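# Examination of the molecular architecture
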Amino acid sequence: MTHTNEIADPETGDVFYYTCKLLSIDAWRDGDGWYWNDSHTIEEGIYIAEDSDLLSSSRKLLKYFRDTLCVLSDKSKGKVFVDFGHDIMDGVLIVVHHKGTGEPLFALSSVHG
């Protein structure tokens, strides 16, 4: 299944987007924090425009995870948070964490998987 959230350049019609994979993260915790042990691809072929609100709005992204990707339920509201602080050059765009523990749960990545 392909999910697209594209925005075209009004002058050229070019669409600049990331081709992503949705990853489920298996992580372990030690005294310094959480470390990815493994990740599993849930879905490939997710296209997100580089200027999409999904890349800057936690609310819109979590709604997308719930309504379109169907990996979070309504019960997750208030129990997860979004980390936009990853280096896009490393391929990880966004990580969704459990709010209580900080455990990484899902990631949108253009490289991993």
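Below is a summary of the structure that appears in this document. What you are looking at is a predicted structure, and each value in this text was computed from that prediction instead of being measured. (Residues numbered from 1 in each chain as written. Predicted model: local features only at pLDDT ≥ 70, side-chain atom pairs only at ≥ 80, totals over all residues. Heavy atoms only, no water.)

## Quick word on the nonpolar core
In terms of nonpolar packing, the biggest core is built from 20 residues, with Leu22, Ile46, Leu61, Phe65, Ile94, Val96 and Leu108 touching the most fellow members. Elements with a contribution of two residues or more to this core: β2 (17–30), β3 (33–49), α1 (58–67), β4 (80–83), β5 (92–98) and β6 (104–109). Per element, the largest residue contribution to this core is four residues, and it comes from α1. The contacts of Leu22, once residues within four sequence positions are left out, are His40, Thr41, Ile42, Glu43, Ile46, Phe65, Leu69, Val71, Phe106, Ala107 and Leu108. The next biggest cluster of nonpolar side chains, apart from the first, holds six residues, and it includes Leu23, Val92, Val95 and Ala107. (Core = buried A, V, L, I, M, F, W, Y, C linked by side-chain atoms within 4.5 Å. Buried < 20%, exposed > 50% of the residue type's maximum accessible area, 1.4 Å probe, protein only. Helix = DSSP H or I, 4+ residues; strand = E, 2+ residues; numbered from the N terminus. Contact = heavy atoms within 4.5 Å.)

## Comments concerning the packing of aromatic side chains
For the structure shown, the criterion picks out two aromatic pairs. When the centroid spacing of 6.4 Å and the interplanar angle of 70 degrees are considered together, the rings of Phe65 and Phe106 count as edge-to-face. Residue Phe65 is located in helix α1, and its partner Phe106 is located in strand β6; the two are separated by 41 residues in the primary sequence. Take Phe65 and Phe106: they sit in the same class, and that class is buried. (Phe/Tyr/Trp six-rings, centres within 6.5 Å; stacked < 30°, edge-to-face > 60°.)

## Concerning the pairing of β6
Counting buried positions along β6 yields five of six residues, so the element is predominantly enclosed. One ladder, built from four bridges, connects β2 with β6; its direction is antiparallel. Considered in β6, the bridge of Lys21 is made with Ser109. Relative to β6, β5 is paired through five bridges, and the arrangement is antiparallel. (Pairing = 2+ DSSP bridges.)

## A few points about the environment of Ile48
By secondary structure assignment, the location of Ile48 is in strand β3. In this structure the C-alpha to C-alpha distance between Ile48 and Phe16, which are 32 residues apart in sequence, comes to 8.5 Å.

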